[in-house]
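Structural characterization, general
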Amino acid sequence: MSKFLEFIDSQVLLMDGAMGTQIQGADLQVEKDYWGQENCSEILNLSRPDFIRDVHMKYFAAGSDAVETNTFGGSTLTLAEFGLEDKTLEINRRACELAHEAIAEFAHDGRQRFVIGAIGPGTKLPSLGHIHYDALEAAFMQQAEGLIEGRADVFLIETAQDPLQIKAAVNGAKLAMKQKNITMPLMVQVTVETTGTLLVGSDIAAAATVVESLGADVMGLNCATGPQEMADHIHWLSKNWPRGLSVLPNAGLPEMHQGKVHFPLSPDEMARWMERFLKEDGINIIGGCCGTNENHIASLNAMLERQANLNNKNVSKRRPAPAARTHHWVPAVASLFQQVELRQDNAILAIGERCNANGSKKFREAQDNEDWDACVDMAKEQIREGSHTLDICTAFVGRDEVRDMSEMVSRLRGSVTAPLVIDSTELIVLEAALKLYGGKAIINSINFEDGEEPAHKRMQLAKKYGAAVIALTIDEQGMAKDVERKVSIAHRLHKFCCEGYGLPPSDLMIDPLTFTICTGNEDDRKLGLWTLEAIERIHKELPDIQIILGLSNISFGLNPPARHVLNSVYLDHASKRGMTGAIIHISKIAPLHKIPAHEVAAAEDLIYDRRSPEAQVA
Ligand code: THG
């Protein structure tokens, strides 16, 4: 484990206060100090290293255990707004060196201190279409390389307003680490506005679902509001988030005083709030954002020392241990807006089937006419009917699947609250969709039909973009029909995805395949029953994974009313055996008590292949 993660595991870590407050309070000249670019404070790393180093030293003197590098706007894209893109590496490297130089000035006391490589969001929101994922990832990668060269101890992706931007920043940092053959802890701090969501509308649970799927070591909140407005969100994280927690509020909600922004919270008030978060929510890292200065940090430092020495009068300690907390991480996927649990209480996860070029004539025609509004309306209708997530498939002979999928995802991401299930056999379609999607999607699907290579490629996507995965029981011998093969491929998929890629078992959704049992062919009569038996075994042998089916396949060949009955009855039986989700047309599903008993019985006879003696003779 890194020294930083060891530290925050055993003691609360104090970060610094704002850089901006310090810069505003200083007498800096636009031409001389900013090289004519007044809004680019990253220039100061090169033009006024003495000033930046002094700010860091002020915070260390006030008690900080770590300072953030002056690189908030240091991604290539943000620097390009000032014509400084070519200086990305130099600026980020130099900023880290300045923080290290400040630490060196305090070497005499032997304390452990850290350099936190700050990565701000930039000015463009990918979920709103301001910038494409690829450009963002490349820009963050270059910034991260500079931070690594300057020996930052940690990456801090902060003031995040868009989960898709978080993905680009995390992946940029990961690519840089791979390039430089190094691993560093990753912190992600989101900014929850007074509206209660991130700027693009994500609530804290949606944001946490995405951040968790990317493997960040610490999640926290910073900016936008003071501690008071953060309290509910911090409390949610405390109860749910499985790893380290950080809180860096502004010095209260900004107020306008005679045309100037004023942050009202005093150092004492700030410390009281943070003391409460320490005790009630078990956070690991505290510090300040806009409006906080060295007085706030000194006050937080004094509070920490007081807490550390409450029960220990003999040896003087600097930091208390983080308060114990119990959290429960619920496996989930997410749209840009909200989290949806993969295991529903007393119900299956309903995946709407109708936004599928192969599964709905209406959708296919709307897609072919490029009537995207009609396509989006079908998505919304399915949510109104009760679908928790939506399967999206745009595979249509003669059309460009990447383009159509991109059209769909870039519309749906901002207009529907349900997470998306990206249904395509084409790798490029899956990746194009994932690059557009700020939520935590579900990839539909992987299998071993052509060996493991295609599955490897899809798992790499799932890990990179943070997605759950539907995995079909198909191998090199083809689709599994009998129980033994379904179960053994399920185990192979589990091993491949969970052991091979660290996919949480709860994010693996095994699909043991539904075939129609309505062909009249003798060979097909037992297919539904075998799938039910496979569900029962898989559920027993791999209890943590999800099990889903494309339900409507079971009844291909029957007339619509009969299909609705068979689908409903089969869903009921599959759920009782352990199925946790299904791709369905939910408004056509009826609870069994609403279906006439003789129809249920007929459907069950079909499913269990119970035939009257005459029928068997025939
Ligand atoms: N497993 C997984 N994904 C899947 C499937 C699966 N994706 C596609 C499919 N199978 C599930 N989706 C559907 C969607 C629609 C229908 C069946 C399965 C369907 N549609 C009617 C029809 O074709 O007759 C409605 C036609 C219409 O409205 O025009 O039956 O198994 N992982």
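Residues numbered from 1 in each chain as written. Predicted model: local features only at pLDDT ≥ 70, side-chain atom pairs only at ≥ 80, totals over all residues. Heavy atoms only, no water.

1. Observations concerning the confidence of the model for the protein chain
Stated precisely, the cut-off is as follows: Confidence of the predictor at the level of single residues is given by pLDDT, which spans 0 to 100. Strands are runs of DSSP state E lasting at least 2 residues, helices are runs of H or I lasting at least 4, and numbering of each runs from the N terminus.
The pLDDT averaged across the protein chain works out to 96; a share of 99% of its residues lies at or above 70. Mean pLDDT values over the elements of the protein chain span from 48, in helix α23 (residues 613–617), up to 99, in strand β17 (residues 468–472).

2. Some details on the site of the ligand
Spelled out, the test is: Put simply, a residue is near a molecule or strand once any heavy atom of it comes within 4 Å of that molecule or strand. Within 3.5 Å is the distance limit for a polar contact, defined as a pair of N or O atoms, with the added protein rule that one can donate a hydrogen and the other accept it, and that residues adjacent in sequence qualify only through two side-chain atoms. The Shrake-Rupley method, run with a 1.4 Å probe sphere, supplies the accessible areas, and residue values consider only the shown protein chains as cover. Residues are grouped as follows: Ala, Val, Leu, Ile, Met, Phe, Trp, Tyr, Cys and Pro are nonpolar; Asp, Glu, Lys and Arg are charged; all remaining types, including Gly, are polar.
The full set close to the ligand counts 16 residues, and G359, K361, N444, D511 and R563 are the nearest of them. One of the backbone N or O atoms of K361 is found 2.7 Å from an oxygen atom in the ligand. In this structure, a nitrogen atom belonging to the ligand sits 2.6 Å away from a side-chain N or O atom of D511. With the chains in place, 73% of the 670 Å² that the ligand exposes on its own is no longer accessible. For the shell around the ligand, the elements supplying multiple residues, two or more each, are β13 (349–356) and β17. Its residues assigned to classes, the shell around the ligand comprises 4 nonpolar, 7 polar and 5 charged.

3. Considering the nonpolar core
Filter applied, for reference: Throughout this description, the term nonpolar core refers to a set of buried Ala, Val, Leu, Ile, Met, Phe, Trp, Tyr and Cys residues connected via side-chain atoms within 4.5 Å. Classification of residues uses two cut-offs on accessible area relative to the type maximum, computed with a 1.4 Å probe and protein chains only: under 20% is buried, over 50% is exposed, and between them is partly exposed. Throughout, a contact is declared for two residues whenever any of their heavy atoms are within 4.5 Å.
Counting 174 residues, the largest nonpolar core has F155, V190, M219, I286, L300, L420 and I538 as the members making the most contacts within it. Sort the elements by how many residues they give to this core and helix α19 (residues 483–501) lands first, with 9 residues. Those residues in contact with L420, other than ones at most four positions away along the chain, are L390, I392, V409, L412, Y437, A441 and I442. Ranked by size, the runner-up nonpolar core spans 15 residues in total, among them F114, I116, V154 and L248.

4. Focus: the packing of aromatic side chains
Which entries qualify depends on this criterion: Ring pairs are drawn from Phe, Tyr and Trp, using the six-membered ring of Trp, whenever the two centres fall within 6.5 Å, and their geometry is named by plane angle: stacked under 30 degrees, edge-to-face over 60, tilted for the rest.
Within this structure, the stated rule accounts for 8 aromatic pairs. Summarising the aromatic geometry, the rings of F7 and F114 are spaced 5.6 Å apart at their centres and angled 90° between planes, so their arrangement reads as edge-to-face. One end of the pair, F7, is in helix α1 (residues 3–10); the other, F114, is in strand β3 (residues 114–119), and 107 residues separate them in sequence. The pair F7 / F114 is uniform in exposure class, with both members buried. The interplanar angle of 75° and the centroid separation of 5.1 Å between the aromatic rings of F448 and F496 together place this pair among those described as edge-to-face. One end of the pair, F448, is in the loop between β16 (442–446) and α18 (453–465); the other, F496, is in helix α19, and 48 residues separate them in sequence. Per residue, the accessibility class of F448 equals that of F496, and both read buried.

5. Concerning the pattern of salt bridges
Our working rule: Within this document, salt bridges are pairs made up of a side-chain nitrogen of Lys or Arg and a carboxyl oxygen of Asp or Glu, the two lying within 4 Å of each other.
Considering all chains together, one arrives at 41 salt bridges under this definition. A salt bridge links R399 to E370, with the shortest nitrogen-to-oxygen separation between them at 2.8 Å. In this pair, R399 is assigned in the loop between β14 (389–393) and α16 (401–415) and E370 in the loop between α14 (361–368) and α15 (372–385), connecting sequence segments 29 residues apart. Under the relative-accessibility criterion, R399 is labelled buried at 19%. The partner of E407 in a salt bridge is R411, and the shortest N-O contact between them spans 2.5 Å. A residue pair is termed a helical-turn pair when its members lie 3 or 4 positions apart in one helix, as E407 and R411 do in helix α16 at 4 residues.

6. A look at α1
The test is simple: Our arc is simply the arc of the directions from the helix axis toward the C-beta atoms.
Of the positions making up α1, those classed as buried are F4, L5, F7 and I8. Each buried residue of α1 lies within a common arc of 155° when the element is viewed along its axis, so the set occupies one face. Set apart from the buried face of α1 by more than 90 degrees, the exposed residues are K3 and D9. Those residues of α1 that are buried are in contact with β1 (13–14), β3, β4 (154–160), β5 (186–190), β6 (218–222) and β10 (285–286).

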